[in-house]
There are 2 protein chains.
Amino acid sequence: MTVTIYDVAREAGVSMATVSRVVNNNPNVKPQTRKKVFEAIERLGYRPNAVARGLASKKTTTVGVVIPDISNSIFAEVARGIEDIANMYHYNIILCNADKKKEKEIRVINTLLEKQVDGLLFMGGAVTDEHVQAFKTANVPIVLCATTDEQGTIPSVDIDHEAAAFDAVNALIQKGHRAIAMISGTLQDPANGYARFQGYKRALEQAGIAYDESLVRVGNYRYESGIEAMKYFLELKDTPTAVFSATDEMAIGAIHAIQDSGAKVPDDISVISVDNSRMASMVRPQLSTVAQPMYDIGAVSMRLLTKLMKKENVDDPKVVLPHEYISRQSVQPV
Amino acid sequence: MTVTIYDVAREAGVSMATVSRVVNNNPNVKPQTRKKVFEAIERLGYRPNAVARGLASKKTTTVGVVIPDISNSIFAEVARGIEDIANMYHYNIILCNADKKKEKEIRVINTLLEKQVDGLLFMGGAVTDEHVQAFKTANVPIVLCATTDEQGTIPSVDIDHEAAAFDAVNALIQKGHRAIAMISGTLQDPANGYARFQGYKRALEQAGIAYDESLVRVGNYRYESGIEAMKYFLELKDTPTAVFSATDEMAIGAIHAIQDSGAKVPDDISVISVDNSRMASMVRPQLSTVAQPMYDIGAVSMRLLTKLMKKENVDDPKVVLPHEYISRQSVQPV
DNA sequence: CTGTTAGCGCCTTCAC
DNA sequence: GTGAAGGCGCTAACAG
């Protein structure tokens, strides 16, 4: 039924070892024999069994990717970056959604490790001790992608979320805004949540603006929650003149909530956010936002992982990619 | 270094076979011995090697997924449906982007097959003879996801793209529109391209409206191409009163192009499309569109694949999921 | 340059 | 209910 390396060897009149060599591009084969083998392969329709190869060589050329949610455009973009580079280095990826649930994350990490992936890319919520524990039992490299661990002991690639948020809010302050509301992500989320909130606070503080709790609403990253949060702000006696959203999608919700109320963006209220997803320029007015290089985060982390897997030494295992403020149409001086 | 089933057997004072039985939940093990084995596993931190298991059992509990582009929200949604169901049945997925390029598709199909996936989900451009050829050499089940083959010989799950487009255009016609433009996808693409274009033509024909070539522009599915196409229509001496876009994203581009020109949607021009991606309700006015159940297409196709892999018999290997017109705010009577 | 020989870690009859 | 033994298909020394 299935044709094996042994069949090819017999057909070509050589040994298994030789077939293995040509299949693996080992130069130590006479061109003639190589040709014979290729012909036999062709004739028999031989297809190498990667599982057997993996068992024998202890390499699967497969990496595990745990991601919060592939249907979230931000992560999908990162995933594309990962896959492109993986592909370039002849790796395949096993993708697992874990929705930032610790339990699910630990579970998939383990099944990925059982599958003998050569490396692991972890994109998730908080990196807890349990995670670190699970990573330790792996004897393959791990890199955190779009997150970091507290202790800074695990290789990672991410942007500086706190600074990105700071820059966004600061852009508002530079335009004269002082009543600046924030639509935050959940504070349990270290990157998109907590760090961005901290950046907001620091920017206010530096400008001598008192932090006002009633100017902060926590959303769930979705469009609707942006709308809800904004509606709340709109009903305040002192409506803010600007709002900073932790993510684009909620920002778009905010823009629409403002517009639906009859007010104008940015004339009445300015809106700014962090992400620069493709949607940012698919709204009117186009959204001003601090760009986070999603694709690159994926690509760079996969590249880093390949180096780790090849045991090449890397200078800095903690890479922080630059963010950049993109000024479009949703912000104007107060 | 790595602890194997043999180590566990020795530690527990039983044979490898017994360990294998408890790991695989084989009931023929005395509770006592089962307990002993579990303890040994715990103590040693044993983790089954899925590669070895795969080689011995000829099952990898892994399925291959070839997808055009995971960063496209439509496909990302499908992928989420796939992964959720895969997960439910304890399968993992290897994801490969192939950008609807035939060559790349064939290549990844082959590497997926080399990796001994238990089944394959194919989401791509046209299904050519070469594809069918590649599928034949696989001795695992394949299901087409969000596409179909001409001959209808391969299991698949999709919507009726032609009918969906027809319904959309017909909704316009029912509102009295006659000058209806179309922003199409590339005609080489059987599903989103050709079929939807055919639906457009059939709707016109049935209403006795002459087909006008100048009212059709081919886009590349992206927002910008929707803008471009619409700009073209806007400059026609007889501007259409409605436009049908093959996809949401181009439709949103069209809406913005109209708005940027100073006209209003739907007052001056109505816009309708097919997809109902999340973005459809994230525009003002909200987009009226024929919904295509992306998540379900993924889920159902994965479910079908599990049946095929278990050699259960399926009544109908060609499933066509229903589509549905969602009326929002972008269409109004002429 | 090429062949021989052991495994890789596990499953799976087949006996007991 | 449990153990022994033979592969699964391939790679990797080690000879020659």
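Here the structure is a predicted model, which is why all the values come from computation and not from measurement.

Cut-offs applied
Residues numbered from 1 in each chain as written. Chains lettered and ligands numbered in written order. Predicted model: local features only at pLDDT ≥ 70, side-chain atom pairs only at ≥ 80, totals over all residues. Heavy atoms only, no water. Near = heavy atom within 4 Å. Polar contact = N/O pair within 3.5 Å; in protein donor to acceptor, adjacent residues only side chain to side chain. Helix = DSSP H or I, 4+ residues; strand = E, 2+ residues; numbered from the N terminus. Nonpolar A, V, L, I, M, F, W, Y, C, P; charged D, E, K, R; others polar. Pairing = 2+ DSSP bridges. Axes fitted to C-alpha atoms, helices over the stretch in contact; angles between N-to-C directions. Contact = heavy atoms within 4.5 Å. Buried area = accessible area lost by both parts, 1.4 Å probe. Salt bridge = Lys/Arg side-chain N within 4 Å of Asp/Glu carboxyl O. Parallel < 35°, antiparallel > 145°, perpendicular 65-115°, else oblique. Left-handed = near helix turned anticlockwise from the far one by under 90°.

This part takes up the protein's contact with DNA strand C. Taken together, 26 residues surround DNA strand C, and among them A:Thr18, A:Arg21, B:Ile5, B:Ser20 and B:Tyr46 come closest. The contact atoms of DNA strand C, taken as those within 4 Å of the protein, divide so that sugar and phosphate hold 62%. Contact between DNA strand C and A:Arg21: a base oxygen at 2.5 Å from a side-chain N or O atom of the residue. Here a phosphate oxygen of DNA strand C and a side-chain polar atom of B:Arg53 are 2.8 Å apart. Breaking the surface near DNA strand C down by element, the ones donating at least two residues are helix H2 (16-23) and helix H4 (50-57) of chain A together with helix H2 (16-23) and helix H4 (50-57) of chain B.

On to the protein's contact with DNA strand D. In the vicinity of DNA strand D, 26 residues are found, and the nearest of them are A:Ile5, A:Ser20, A:Tyr46, B:Thr18 and B:Arg21. Within the backbone of A:Ile5, an N or O atom sits 2.4 Å from a phosphate oxygen of DNA strand D. A:Ser20 is positioned such that a nitrogen or oxygen atom in its side chain is 2.7 Å from a phosphate oxygen of DNA strand D. If you list the elements that add at least two residues to the surface near DNA strand D, you get H2 and H4 of chain A together with H2 and H4 of chain B. The greatest single-element share of the surface near DNA strand D, amounting to four residues, is contributed by H4(A). Its residues assigned to classes, the surface near DNA strand D shows 12 nonpolar, 10 polar and four charged.

Residues and elements named next belong to chain B. With mixed pairing, six strands are arranged side by side in an open sheet as S7-S6-S8-S9-S10-S12. Since the sheet does not close on itself, it has two edges, and those belong to strand S7 (216-218) and strand S12 (324-326), each with one partner. If you compare each strand with its neighbour and ignore which way they point, the axes differ by 20° on average. Summarising the sheet, strand S8 (residues 242-245) and strand S9 (residues 270-275) pair through four bridges and their orientation is parallel. Each bridged residue has a counterpart across the sheet, and for Val 243 the counterpart in S9 is Val 271. The strands touched by helix H9 (residues 190-206) are strand S6 (180-184), S7, S8 and S9; relative to S6, the strand with the most contacts, the crossing angle is about 170°.

Let us look at the interface of chain B and chain A. Of the residues lining the interface, 53 residues belong to chain B; the matching set on chain A comes to 53 residues. Summing the contributions of chain B and of chain A, the shared interface buries around 4,700 Å²; its carbon and sulfur component is 50%. Seen at the junction of chain B and chain A, the total is eight salt bridges. Among the ionic pairs, A:Arg80 bridges to B:Asp69, the shortest N-O distance being 2.9 Å. Applying the counting criterion to the chain B and chain A interface returns 30 residue pairs in polar contact (both at pLDDT 80 or more). Those elements that provide at least two residues to the side of chain B that touches chain A are H4, helix H5 (73-88), strand S2 (92-97), helix H6 (102-114), helix H10 (223-234) and helix H11 (248-260) of chain B.

What follows deals with unusual backbone geometry. The omega torsion across A:Arg284 and A:Pro285 is -10°, close enough to zero to call that bond cis. By the element assignment, A:Pro285 lies in the loop between strand S9 (270-275) and strand S10 (288-291). The amide bond that connects B:Val265 to the next residue, B:Pro266, takes the cis arrangement and shows omega of 0°. Note on placement: B:Pro266 falls in the loop between H11 and S9. Backbone geometry at A:Lys58 places phi at a positive 60°, although glycine is not the residue there. Relative to the elements of secondary structure, A:Lys58 occurs in the loop between H4 and strand S1 (62-67). Here A:Tyr221, not a glycine, exhibits a phi torsion of approximately 80°, which is positive. Mapped onto the elements of the fold, A:Tyr221 is located in the loop between strand S7 (216-218) and helix H10 (223-234).

Following both chains from N to C, one finds H4(A) and H4(B) inclined at 135°, their axes separated by 9 Å at the closest point. With respect to H4(B), the axis of H4(A) lies oblique. As for how H4(A) packs across H4(B), the hand of that crossing is left-handed. Across from A:Val51, A:Ala52, A:Gly54 and A:Leu55 in H4(A), the residues of H4(B) making contact are B:Val51, B:Ala52, B:Gly54 and B:Leu55.

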